[in-house]
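# Summary of the model geometry
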Amino acid sequence: EKAKKTAREQLRGDAASVLDWHVHVCSRNNFPTAAGLASSAAGYACLAFSLSELYGIKDAASRSLIARVGSGSACRSTEGGFVLWKMGERADGEDCYSVEIASPASWPDLELLILVVNEGRKDTSSTSGMQTSVRTSDLLQHRATAIVPERIARMSDVICQRDFATFAELTMKASGVVPSS
């Protein structure tokens, strides 16, 4: 519905007839579900991107907002390259979406490798884990306000400069902080 609402605002005349189509989606995923690899976010991002293409929604922020309806993390996966998820301030969340900070072509020799060691489901879902952390962690709010903004700015610069050593260092620092939050 979010995709159709956005398309209604952008489409005019005969082009709007696409909104009357009945769309059936069949999705398959070869990543383990609920294993901590963002497979549901990838699925929602794919769905949002596909519907955006069908409905003629070309604006990256709109695609990101549509994906976020299904999964918050999905908003980061509708564009290629490196993206920044803007926190936003509005109560309706319409200013909380991702923006590309570097295209896939900007760092062509960077490759990512994911090894699936265990295809089993996590004991605690990401949503449940984050809700518990928000409720019980003294460090999480401090991290969100005092550490993350500076680290994001630094990481954005490092990505644009293609500084792998600092990129790796910041990534490892962030991965060590989250579990202790």
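Before going further, it helps to examine the overall build of the chain. Counting secondary structure elements, the chain contains 6 helices and 2 strands. Starting at the N terminus and ending at the C terminus, the chain contains elements arranged as α-α-α-β-β-α-α-α. Dimensions of the chain along its principal axes, counting C-alpha atoms only, are 55 × 40 × 35 Å. For the chain, the proportion of its 181 residues judged to be buried stands at 26%.

Put simply, helix α2 (residues 39-55) and helix α3 (residues 60-70) touch, their axes get as near as 8 Å, and they point 135 degrees apart. If you check the angle between α2 and α3, you find them oblique. In this structure, the crossing between α2 and α3 has a hand that is right-handed. In contact with Tyr 44, Ala 45, Ala 48, Phe 49, Ser 52 and Glu 53 of α2, α3 contributes Arg 63, Ile 66, Ala 67 and Gly 70. For the contact of α2 with α3, a count of residues per class yields 6 nonpolar, 2 polar and 2 charged.

Turning our attention to the environment of Ser 125. Within the secondary structure, Ser 125 is located in the loop between β2 (98-102) and α4 (126-136). Along the sequence, Ser 125 and Ala 34 sit 91 residues apart, while their C-alpha atoms lie 6.8 Å from each other.

Our focus in this paragraph is the pattern of salt bridges. For side chains of opposite charge, pairing can occur when their charged atoms come near one another. Under the definition given, this model contains 4 salt bridges. Residues Glu 53 and Lys 58 are paired through a salt bridge, measuring 3.5 Å at the closest nitrogen-oxygen approach. Residue classification places Glu 53 among the partly exposed residues on the basis of a relative accessible area of 38%. The residue Asp 92 makes a salt bridge to Arg 90 at a minimum N-O spacing of 2.6 Å. On the accessibility criterion, Arg 90 (47% relative accessible area) is partly exposed.

Quick look at unusual backbone geometry now. The backbone of Arg 162 sits at a positive phi, close to 55 degrees, despite the residue not being glycine. Along the chain, Arg 162 turns up in the loop between α5 (138-161) and α6 (164-180).

Our focus in this paragraph is the environment of Trp 107. With respect to the element layout, Trp 107 can be found in the loop between β2 and α4. In sequence terms Trp 107 and Arg 154 are 47 residues apart; their C-alpha atoms lie 17 Å from each other. In this structure Trp 107 touches Phe 82, Ile 159, Arg 162, Asp 163, Phe 164 and Phe 167, once residues within four positions along its chain are discounted.

Further remarks concern the nonpolar core. Nonpolar side chains tend toward joint burial in soluble globular proteins. Of all hydrophobic cores here, the largest spans 13 residues; its most connected members are Ala 3, Ala 7, Leu 19, Tyr 55, Ile 57, Ile 66 and Ala 74. Those elements that provide at least two residues to this core are α1 (2-10), α2 and α3. Here this core gets 5 residues from one element, more than from any other, and that element is α2. In contact with Ala 74, not counting residues within four places along its chain, are Ala 41, Tyr 44, Ala 45 and Ala 67. Core analysis: the next-biggest nonpolar cluster, separate from the first, contains 9 residues, Ala 102, Trp 107, Phe 167 and Leu 170 among them.

Attention shifts here to the side chain of Arg 63. The topology assignment puts Arg 63 in helix α3. Overall, the relative accessible area of 7% leaves Arg 63 in the buried class. Setting aside its immediate chain neighbours within four residues, Arg 63 contacts Ala 48, Phe 49, Ser 52, Glu 53, Ile 57, Lys 58, Thr 78 and Glu 79.

Calculation notes
- Residues numbered from 1 in each chain as written.
- Predicted model: local features only at pLDDT ≥ 70, side-chain atom pairs only at ≥ 80, totals over all residues.
- Heavy atoms only, no water.
- Helix = DSSP H or I, 4+ residues; strand = E, 2+ residues; numbered from the N terminus.
- Buried < 20%, exposed > 50% of the residue type's maximum accessible area, 1.4 Å probe, protein only.
- Axes fitted to C-alpha atoms, helices over the stretch in contact; angles between N-to-C directions.
- Parallel < 35°, antiparallel > 145°, perpendicular 65-115°, else oblique.
- Left-handed = near helix turned anticlockwise from the far one by under 90°.
- Contact = heavy atoms within 4.5 Å.
- Nonpolar A, V, L, I, M, F, W, Y, C, P; charged D, E, K, R; others polar.
- Salt bridge = Lys/Arg side-chain N within 4 Å of Asp/Glu carboxyl O.
- Core = buried A, V, L, I, M, F, W, Y, C linked by side-chain atoms within 4.5 Å.

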